[in-house]
Amino acid sequence: MFDLDSATLSRMLTALTLGYHAIFATLGVGIPVMISIAEFIGIKKKDPHYTLLARRWTRGFTITVAVGVVTGTAIGLQLSLLWPSFMQLAGKVIALPLFMETFAFFFEAIFLGIYLYTWDRFKNPMYHWLLSIPVVIGSTLSAFFITSVNGFLNTPQGFELEGDTVTSIQPLAAMFNPATPTKVFHVVSTSYLTAAAVLATIAAIYLLKKKNTLYHMKALKVTVVSVFIFAIATAIAGDLSAKFLAKEQPEKLAAGEWHFETEEGADLVVFGTLNENQEVENAIRIPNGLSFLAYGDFNAEVTGLDQIPDDEEPPLWIHYMFDLMVTIGFFTLGVSLMYLVFWKVKKWNEYHPLLLWGIASLGPLSMAAVEFGWVFAELGRQPWILRGFMTVSEGATTSPYVGWMLILFIGLYIVLSIGCVIALRKIFKGNPAEHELEHRYPEVAATKEGN
Amino acid sequence: MSYELVGISVLWLFLYGYLIVASIDFGAGFFAYFAKVTKKDHIINKLISRYLSPVWEVTNVFFVFFFVGLIGFFPDMAYYFGQSLLIPGSIAIVLLAIRGSFYAFENYGSKENHLYMFLYGATGLLIPAALSTALTISEGGYIKETENGVQLMYGELFSSPYSWSVVFLAIVSVLYISSMFLAYYAKRAGDEPALDLVRKYALFWSSPTIIASLTTFIALSQQNPEHFQRAIDLWWVFGISVAFFMAAVFLIYQGKYYGWAFIAVMLQFFVAFFGYGASHLPYLLYPYVTLSGGVTSESMAVALIVVFIAGLFLLIPSLVMLMRMFLFDADYVKGKK
Ligand code: HDD
Ligand code: HEM
Ligand code: HEM
């Protein structure tokens, strides 16, 4: 039934679990920030709308966090189950951040538990807000630690390999490998961006459905402003990531940009297709753009695929992953900027349906960009699992049952997705914001409601 | 103490922590379902959800901590366990995932759904059974190393008295620990009808627990005589454990000092668990991985221990805060908050 070898099936199962976990992990890192912001504004402005926003986001968050936790546990175990030889080797060098991550989980889990069940326990609401800080720190730290592990796979250092034995292990050098700074910056900023964008999508959809209440308008404002800020951070971080690649992992950049010949003043190839002679057609070419992206200098020399041994060349289709990710990044920046302009210019209507549709698309698009980004980054590392030291097929399990496990997990993720959607609907459909506002803050609902 | 001994002690301590908190959780699932079937759910299910809601994620982290730490300190374990446990490990992941997520999904909905309650109850028993396989195979005799890597021999596993007695022990211990805790929690909540019910559960599950422990010992003597002999040399440790068991059951039977009774249960398992662990050494996985042969490099071990100590400074105050809010805050326990 399974013609594929264990290594290929292990790749598919890892890709499935990580790709699925990434959705919830991204939200898990970003949503606490948005909750904290909303609760803070609510307290400072004494505006129950924002407090309610924080409360309702938190309630949805309990659902996505649960899926994040269980799929995270899955990937944590699967790393050893599917890549035993790799973990035996890498575990010796990179165990430190993985271990530290569990403390970040502890920290986050404990304070999330407290945060969720203490909304009305304190006289001074600031105390409750303070509880959101450890949740934000905990989840951002877990992103930091796991991303440094991923960085290590791309630019391993901090050990020496003599035959099969690893020696001279320096845990800190491995953790702070050259990939860590840019990768962490980019992953964290995109997580914040994606969470803000998903929440903006929800607000925009309510407004499009003509539920023009103050509540949803405020939700839109705080989320889109956040999107704008985080989109700028993302673009900066993405640019730094490209500069990092040019220096440390040129084969990934070259494959992603279809840059075949090493040259000065290299053009940036946007989209396009490859013909059978590996020539680029139908592309938009930005003169000297790649040199600028890679080095901040229009005439710099950029390493091409001609310098890379053929059997170490990443697949070329990751070009599209890169382009889609960047396109989404600039689209997000553009739409959120437009909202800001329309909002500041009094004559223009920031609730124009076209603009709202644009905003509504940002959530799904950002999530897609996260996935594209990971596929680009991970496949750009091919054929290595540990760049320069171990290939993917050397690291894989030899167990003959991986195919069945793949089916098992596909089933699991389908069940989880259905359960997640049903649970979220149940929470929000039965209890619209307007009702909850009336119920919790009758005085506000009576005076301020309406368009 | 050598690094590897510090490492394994810390990990064993966290596994013990997981054993206790997860047993409470898993057993509670079974009791909630059982109460529903016997139409007693109105008596205890509120109590159960009040305790579990804030803490299930923390329970899960104990487990994550254990396996991440194990791989960190003893990377060879990743190789042997990883190669051999693909199927039981994956099944355990799926069960944990279903249980954890559906617990959260239902949390804001009703607890009326029958299928959900069934899953919640059944996974509570199946997960300990699946996870205990890891301890079973560590005794040796269930895996072989060939040209094609390490393989688990399923025939041996399913036909061995030892593996079945471990499964049986895992399940009854879960129910015993859980009912003992719920009796204490019900007492704090001043919920007499619930107390009455869970106290009966606790008494009921106490004798199977001790019987299962004995049969496991006997089966161990067949499976791994060396380990059995080391355990016999530590007979006094297991004797202390039995003494705590008797104290716990006596207190519950008398209907007094539920807090002390639960502490006696924790000590019973603490002593037995460390006795088991100590006699397991020097092997982590018989006969492939030993404590000193499988340990990671010195620099990594030191780094991990430093992080662990620093982490404790963060962890202990936070855990204390959590427990004060949800376990020892009388108003919360009684449902007034
Ligand atoms: C909302 C999601 C999102 C958006 C809008 C962008 N990215 Fe991105 N990108 C990611 C989400 C992402 C990611 C999922 O976070 C990745 C995958 C691996 C990683 O480190 O981050 C990533 C990786 C990644 C890498 C590879 C890094 C490596 O492999 O070490 C580069 C060079 C860029 N990005 C560059 C950009 C640029 C120039 C963008 C223009 C605005 C951009 N990204 C927008
Ligand atoms: C400990 C860290 C990691 C390890 C050992 C690891 C390893 C792997 C391996 C072996 C594959 C399959 C090989 C391939 O198809 O390229 C893969 C693919 C993938 N990984 Fe990573 N990875 C790690 C970190 C991450 C992280 C943190 C994420 C994001 C959440 C991630 C996202 C992905 C994705 C989306 C794929 C699918 C790419 C594809 O094959 O289509 N990885 N990873
Ligand atoms: C190889 C990759 C990964 C592994 C092995 C992994 C492991 C885990 C584990 C074991 C958990 C459950 C923790 C618990 O029990 O509370 C978890 C949850 C989590 N992970 Fe991942 N993870 C990976 C990738 C990522 C990435 C890329 C991010 C962030 C960008 C991330 C962020 C989180 C967060 C924030 C949680 C907490 C749950 C939540 O808030 O959704 N993880 N992860």
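Residue numbers here run from 1 along each chain, matching the order of that chain's written sequence. Chains and ligands are labelled sequentially in the order written, the chains with letters from A and the ligands with numbers from 1. Side-chain atom pairs in this predicted model are given and counted only at pLDDT of 80 or more, local residue features only at pLDDT of at least 70, and totals for whole chains, interfaces and linings cover all residues. Side-chain figures throughout are based on the complete set of non-hydrogen atoms in the structure, without hydrogens or water.

The name that an unreviewed UniProt entry assigns to chain B is Cytochrome d ubiquinol oxidase subunit II, with the source organism given as Halobacillus halophilus. UniProt positions are given in the numbering used here, feature names are shortened, and annotations may be inferred rather than shown by experiment. UniProt's Subcellular location (unreviewed entry) comment on chain B is quoted here verbatim: "Cell membrane". Under the UniProt heading Sequence similarities (unreviewed entry), the entry covering chain B gives this text: "Belongs to the cytochrome ubiquinol oxidase subunit 2 family."

Chain A goes by Cytochrome d ubiquinol oxidase subunit I in an unreviewed UniProt entry, where it is assigned to Halobacillus halophilus. Taken directly from UniProt, the Subcellular location (unreviewed entry) text for chain A runs: "Cell membrane". Entered under Sequence similarities (unreviewed entry) in the UniProt record, the comment concerning chain A runs "Belongs to the cytochrome ubiquinol oxidase subunit 1 family."

Colleague: Would you take a moment to explain the overall build of chain A for this structure?
Modeller: In this text, helices come from DSSP runs of H or I with a minimum length of four residues, and strands from runs of E with a minimum of two, each type numbered from the N-terminal end. Regarding its fold elements, chain A presents 15 helices and ten strands. Rg of the C-alpha trace for chain A: 24 Å, near the compact-globule value of 22 Å for 451 residues, within the 12% margin. Over its C-alpha atoms, taken along the principal directions, chain A stretches across nearly 75 × 45 × 45 Å. Three labels apply to residues, based on accessible area from a 1.4 Å probe with only protein chains included: buried if under 20% of the type maximum, exposed if over 50%, partly exposed otherwise in between. Considering chain A as a whole, with its 451 residues, one finds that 58% of them fall into the buried category. Surface exposure of chain A reaches about 18700 Å², of which carbon and sulfur atoms provide 66%. Throughout, radius of gyration means the C-alpha value; the globule benchmark is 2.2 Å times the number of residues raised to the power 0.38. Here, Shrake-Rupley sampling with a 1.4 Å probe gives the accessible areas, and only protein chains in the shown set may cover a residue.

Colleague: Quick question: what am I supposed to make of the site of ligand 2 here?
Modeller: Residues and elements named next belong to chain A. The immediate surroundings of ligand 2 are formed by 17 residues, with R11, N150, W374, E378 and Q382 found nearest. Definition of a polar contact: a pair of N or O atoms within 3.5 Å, with one able to donate and the other able to accept a hydrogen when the atoms are protein atoms, and with sequence-neighbouring residues admitted only if both atoms are side-chain atoms. R11 places a polar side-chain atom, nitrogen or oxygen, 2.9 Å from an oxygen atom of ligand 2. Here a nitrogen atom of ligand 2 and a side-chain polar atom of E378 are 2.8 Å apart. If you list the elements that add at least two residues to the shell around ligand 2, you get α1 (6-44), α4 (125-154) and α11 (353-379). A total of five residues in the shell around ligand 2 trace back to one element, the largest contributor, which is α1. A single heavy atom is enough: if one lies within 4 Å of a molecule or strand, its residue is considered near that molecule or strand.

Colleague: Looking at this model, I keep getting lost on the coordination of the iron atom of ligand 2. Mind explaining?
Modeller: Each pair of donors in an ideal octahedron of six around a metal sits at 90 or 180 degrees, and each pair in an ideal tetrahedron of four sits at 109.5 degrees. Sites may look incomplete because water is not among the atoms; the donors themselves are N, O and S atoms within 2.8 Å of the metal, or within 3.2 Å for Na, K and Ca. For the iron atom of ligand 2, the protein contributes exactly one donor atom, A:E378 (OE), at 2.1 Å. Mapped onto the secondary structure, A:E378 falls in helix α11.

Colleague: For this particular structure, what's the right way to read the packing of aromatic side chains?
Modeller: Between two aromatic rings, the relevant description is the distance of the centres plus the angle of the planes. To pair, rings of Phe, Tyr and Trp, with the six-membered ring standing in for Trp, must have centres within 6.5 Å; the planes then decide the type, stacked if under 30 degrees apart, edge-to-face if over 60, and tilted in the middle. In this structure the tally under the stated criterion is 39 aromatic pairs over all chains. Summarising the aromatic geometry, the rings of B:Y16 and B:F273 are spaced 6.3 Å apart at their centres and angled 45° between planes, so their arrangement reads as tilted. Of this pair, B:Y16 sits in helix α1 (residues 3-37) while B:F273 sits in helix α11 (residues 258-280), and the two are 257 residues apart along the sequence. A cation over a ring is seen here: A:K209 above A:Y206, with NZ or CZ 5.6 Å from the ring centre. Each ring is checked for a lysine NZ or an arginine CZ that lies within 6 Å of its centre and within 35 degrees of its normal; such an atom marks a charge sitting over the ring. Sitting above the plane of the A:W343 ring, A:K344 keeps its charged end 4.1 Å from the centroid.

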